[in-house]
Amino acid sequence: MATLPRLKTKRVFDCGCGRSGITMNNNGHLNYNHTMPPISHLHLNLTALCTEGRLKESLQILLTTHNLPVDSNTYLQLLHTCIANNALSQGKKFHSLITHRRFEFATHTFFQNTLINLYVKCGSLVDARKVFDGMPERDGCSWNAMIAAYRRDGYPQNALILFHEMQRTGVQPDEFTFASILPACAKIGALDQGMDIHKSLIKNGLMLNVVVVSALVDMYAKCGSIRKARELFDKMSQRDAVSWNAMIGGYAQNGALDEALRLFKEMPRRNVVSWTTMIAGYAQNGVLDEALRLFKEMPQRNVVSWNAIIAGYAQNGVLDEALRLFEEMPQRNVASWNAMIAGYAQNGFVEKATETLKQMQVAGVMPNSTTFASILPACAKVRALQQGMDIHQSIMDSEFSSDVVVGSALVDMYAKCGSMQKAQEVFDKMSQRDEVSWNAMIAGYAQNGVLNEALRLFKEMPRRDVVSWNTMIAIYAQKGALNEALGFFKEMPQRNVVSWNAMLAGYAQNGILVKALRFFEEMPQRDVVSWNAMIAGYAQNGLGEKALETFKQMKLSGIKPNSTTFAGILPACAKMGALELGMDIHQSIIERGLISDVVVASALVDMYAKCGSIQKAHRVFDKISQRDAVSWNAMIAGYAMHGSRKDALRLFELMKDSGTNPDHVSFLCVLFACSHAGLVDEGCKYFNGMSGSYSIMPVMDHYACMVDLLSRAGYLLEALIFIIKMTIKPAVIVWMCLLGACRSHKNIEIGVFTTTLLFELDPKNVAPYVLLSNIYAEMGRWGDVQKVRRLMKDKGIKKIPGCSWIEVNKIVHVFCVGDRSHPQTQEVYAKLEELSEEMRAAGYSPDSKHVLNDVEEEEKELFLCHHSEKLAIAFGLLNTSPGTAIRVVKNLRVCVACHTATKLISKIVAREIVVRDANRFHHFEQGQCSCGDYW
DNA sequence: TTAGGGTTAG
């Protein structure tokens, strides 16, 4: 019997499948359970070099000596040394040498399994697969090694495919196979396959195996079947730490943190995984203080514990704290860096993300597929094509150039950056494509407006998943083609919450709120996106109260609002002037840590400005660290609405100095400010500069603003000429601006001309009728007023009723013209009566011309008009304490009579009255209005 | 077999 080489470990001859091919008895003799070539005399020199890990020299000896009596055992040991040293390239050289010398043992299953093990351990799945595919015969170990490798390296799909193939070829899976395949099912949420495996386990009598059953518990928990997991867990006759941790993790990841904590406390011997599971659970659910408390409390921490807490802060956008912990941690691995990079990337800080990637490389940590796959979407999001291309280059230089996840992320990045050509190029070159790659291409073509190509790819793709179908629904729903979207929705084999949300959002965005609500009510489960879609749908379609009501219900149902919720609800507050509610929401935003979100902060600025509190708006605006054009525009528009043209224009200059380029909205705000201040020359200057210096081509709204600017200032003829000279066909809004000014400047000729034009352009539009009627009324031409009213009646055109809102104690009260539905109606009308007496006593006699005058479209009583804002003001006077300001919002413009009356009321009751009409703010104080009677 | 980091759809 030959002497054995000194074996470092007992499992030196393990072929890597979990079952050792050779075992050693107590005398150092070998027992074989695998087909093994016989062991001959070892070459001592070679062995020594090999055990010392001196692979280069070993290889040199082998290459230069052909007749060295080296047996298969030595080669095996060489390969194992490569495995231990992670020496892929040396391993490959030995492999090729063995192949070339055509050793008989090289074709043996055991030896080939070792080769698979070599490649798997050295991270080259492609080479492992090549060996696997070339094997004349495979045993359970071969399959197990390959399956385990796929699942561990993040290819659970491939593991499952191989698992089915294994069974087809008649090889029986064993406990090792199951212990690998169950986590693969868990990873991709393959509950059905997991349940099949459960059946096989029962059949194979493996239900007492604690390892396998723990994996089964984990699978059920991860696939969302938490009850099934618990049932199994409770039935286990023996549980180890893994079983407990799997169960705890199941509850934690399903958001059932209380139950997770109960089990955690009940668990006999908690280990570092148990603690880390709880920390991760709290962190992922946004309960960062609890996560940190446990992190500080835990007896021992490892790199995973640190990573969990850091990722928690990073994912929740608390990046400074994440960075502090990252810098503090004793050692970092690739996942630590990835957590930071993903945190920056997901929160929109592309520069920070790429900077961290560079630091990581400097620190000698190689990026992996996760690094690339998390940084690319950040480039995609902000359309940073150049940075995306740089990362593409790094990927090509790395070993992840053929990783399917990285490839898909690349496709998506190019598609979102608008470069479909590059996306297609990457897609074509991919050695393996999955559903994600196809879906990214489909969405890319759709987002870039090439719908037929998207549809073609959808039809062509080999396996469509729920995302593919959802993409198609979204494409058509967003375009307003809701019947087509519904077609996909009905045809798809399985729907999830996203499918329902896509339909619901489609209806909501297109103003079909009844259908949106039906989907919302019928859907099997609702998440934060469903609620957001409903809220935004209501808010965008002028149903602010419904939006607010839905927001309340959402909170009652236990769904936590996110930044999209706030960005959706704030415009509703803004529209209704619900300042107190808006302030409550501001508080919630701070509590949820979302104040640093620039979209949310800009919506807050807008809300405060539109609710009349320009100071609060400015305070929020001042604190925005990364202002974008939207934030600046909200603030500029705020000043413009409040008639502070100086501030508006000053801010516009500041914006340019700060390096934020004005966009077309910025110019609209500036033109609006000029127009409301009668600054004709300045307005013209800005209008010309916009295309000249900023290459922003005027769109219809800009033209309308210019017509407003000119005609408001009395330059009606110039405005008309301006319209005629427009390079695009003037839309209704443009003519409406001109007509509005015809009323205030009493120009009947242009007024009639414009009205006639508008009757043809937009026969259903009520506004021109009302304006024309008002022009006649101003001039005392009552016969003509009657004619217009008759014409409206004949054509069945109805006025939009004037409505005003006032918020008292966080409740918004609505008053329509002549409204008598409010519980306090009697008091309100009595108050108005009282006020009119006081006005009379103060010498105010309403001019019959003004009483009949109707800026847009309200009915009224002859002497004292009951326009909606008057009702709201009276209500405010009754229900607020003396001295406080009264804030009212109106959907139409304030009429002359009400404007005059409100000035007087403000003096009589010594109150500040703030009225926001369809156009701007009026601050009434001591008988004066901030608009200077120019509105 | 359990804990941390990733790609597509709303």
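These numbers were taken from a predicted model, which means no experiment stands behind them. Residue positions are given per chain, counted from 1 along the sequence in the order it is written. The naming scheme follows written order: chains are lettered A onward, ligands numbered 1 onward. Selection of residues for local features in this predicted model requires a pLDDT of at least 70, selection of side-chain atom pairs for listing and counting requires 80 or more, and totals for whole chains, interfaces and linings are taken over all residues. Derived side-chain values reflect all non-hydrogen atoms in the structure, with water molecules and hydrogen atoms excluded from consideration.

Undergrad: Mind showing me how you'd approach the side chain of Asp-606 here?
TA: When you line up the elements, Asp-606 lands in helix α35 (residues 598-610). For this analysis, residues touch if any pair of their heavy atoms sits within 4.5 Å. Ignoring sequence-local partners within four residues, the contact set of Asp-606 consists of Ala-574 and Ala-634. A run of H or I in DSSP counts as a helix once it spans at least four residues, and a run of E counts as a strand once it spans at least two, with each numbered from the N terminus.

Undergrad: Would you take a moment to explain unusual backbone geometry for this structure?
TA: Backbone geometry follows two general trends: most residues other than glycine have a negative phi, and most peptide bonds adopt the trans configuration. With a phi angle near 55°, Arg-383 is a residue other than glycine that sits in the positive phi range. Turning to its location among the elements, Arg-383 is positioned in the loop between α21 (369-381) and α22 (385-397). Residues other than glycine seldom take positive phi values, yet Asn-809 does so here, at roughly 50°. With respect to the helices, strands and loops of the structure, Asn-809 is situated in the loop between β3 (803-808) and β4 (811-816).

Undergrad: In this structure, what is going on with the confidence of the model for chain A? I would like to understand it.
TA: Parts of the model with low pLDDT should not have their predicted coordinates read in detail. Confidence per residue, as judged by the predictor, is encoded in pLDDT with a range of 0 to 100. On average, residues of chain A score 86 in pLDDT, and 91% of them reach the 70 mark or higher. The model gives residues 1-42 a pLDDT under 50, and that stretch makes 78 contacts with residues more than four places away or in other chains. Low confidence marks residues 848-863, where pLDDT is under 50. Its contacts with residues over four positions away, or in another chain, come to 52 contacts.

Undergrad: Hey, could you run me through the packing of aromatic side chains in this one?
TA: One pair of aromatic rings is described through two measures. These are the centre distance and the angle between the planes. Only Phe, Tyr and Trp rings take part, Trp by its six-membered ring, and two of them pair if their centres are within 6.5 Å. Stacked means planes under 30 degrees apart, edge-to-face means over 60, and tilted covers everything else. Tallied over the full model, the rule gives 29 aromatic pairs. The interplanar angle of 80° and the centroid separation of 5.0 Å between the aromatic rings of Phe-295 and Trp-306 together place this pair among those described as edge-to-face. A residue pair is termed long-range when its members are at least 10 positions apart, and Phe-295 in helix α16 (residues 288-297) and Trp-306 in helix α17 (residues 303-315) qualify at eleven residues. Partly exposed residues are those whose accessible area sits between 20% and 50% of the maximum for their type, while under 20% is buried and over 50% is exposed, using a 1.4 Å probe and protein chains only. Residue classification places Phe-295 among the buried positions, given a relative accessible area of 4%. Here the aromatic residues Phe-458, Trp-469, Tyr-476 and Phe-488 are joined through ring pairs into a cluster of three or more. Directly above the ring of Tyr-220 sits Lys-228, whose terminal nitrogen or CZ lies 5.9 Å from the centroid. Our definition puts a charge over a ring when NZ of Lys or CZ of Arg is within 6 Å of the ring centre and also within 35 degrees of the ring normal. For the cation-ring pair, Lys-685 lies above Tyr-686, with the distance from its terminal atom to the ring centre recorded as 5.5 Å.

Undergrad: Sorry, what's going on with helix α7 (residues 140-152) here?
TA: Since the α-helix advances by 3.6 residues per turn, residues separated by three or four positions end up pointing in the same direction. The span one expects for a helix is its residue count, reduced by one, times 1.5 Å. Between its terminal C-alpha atoms α7 stretches 18 Å, which fits the 18 Å expected from 13 residues at 1.5 Å a residue. Burial analysis of α7 places ten of its 13 residues in the buried class, which makes it a mostly covered element. Buried residues of α7: Gly-140, Cys-141, Ser-142, Trp-143, Asn-144, Ala-145, Met-146, Ile-147, Ala-149 and Tyr-150, and no others. In this fold, the buried residues of α7 make contact with α5 (109-121), α6 (125-134), α8 (156-168) and α9 (175-188).

Undergrad: When you look at the packing of helix α13 (residues 241-253) against helix α14 (residues 257-266) in this model, what are you seeing that I'm missing?
TA: Axis angle and axis distance: for two packed helices, these are the angle between their axes and the distance between the axes, and together they describe the pair. Here, axes are lines fitted to C-alpha atoms. For helices the fit covers the stretch in contact, and angles between N-to-C directions go from 0 to 180 degrees. In contact at an axis separation of 7 Å, α13 and α14 are set at 160° when each is read in the N-to-C sense. Considered as vectors, α13 and α14 are oriented roughly antiparallel to each other. Taken as a pair, α13 and α14 cross one another with a handedness that is left-handed. Within the contact between the two elements, α13 uses Trp-244, Met-247, Ile-248, Tyr-251 and Ala-252 and α14 uses Leu-257, Glu-259, Ala-260, Leu-263, Phe-264 and Glu-266. Under the convention adopted here, Pro, Cys and the residues Ala, Val, Leu, Ile, Met, Phe, Trp and Tyr are nonpolar, Asp, Glu, Lys and Arg are charged, and Gly plus all remaining residues are polar. In the contact of α13 with α14, the residues fall into nine nonpolar, no polar and two charged. The cut-offs work like this: below 35 degrees is roughly parallel, past 145 is roughly antiparallel, 65 to 115 is roughly perpendicular, and the gaps in between are oblique. Note: crossing handedness is left-handed where the near helix turns anticlockwise from the far helix by less than a right angle, and right-handed where it turns clockwise.

Undergrad: What is the right way to look at the protein's contact with DNA strand B in this model?
TA: It suffices for a single heavy atom of a residue to lie within 4 Å of a molecule or strand for the residue to be listed as near it. Within the structure, DNA strand B sits among 55 residues, and Asn-245, Asn-333, Asn-368, Asn-501 and Asp-527 are positioned closest to it. Across the atoms of DNA strand B situated within 4 Å of the protein, the share located in sugar and phosphate is 50%. At 3.5 Å from a phosphate oxygen of DNA strand B is found a side-chain nitrogen or oxygen belonging to Arg-151. Whenever a nitrogen or oxygen atom comes within 3.5 Å of another N or O atom, the pair is scored as a polar contact, on the condition that within protein one atom can donate a hydrogen and the other can accept it, and that pairs from neighbouring residues in sequence are kept only if both atoms are in side chains. At 3.2 Å from a base oxygen of DNA strand B is found a main-chain nitrogen or oxygen belonging to Val-211. The residue inventory of the surface near DNA strand B, partitioned by class, reads 23 nonpolar, 25 polar and seven charged.

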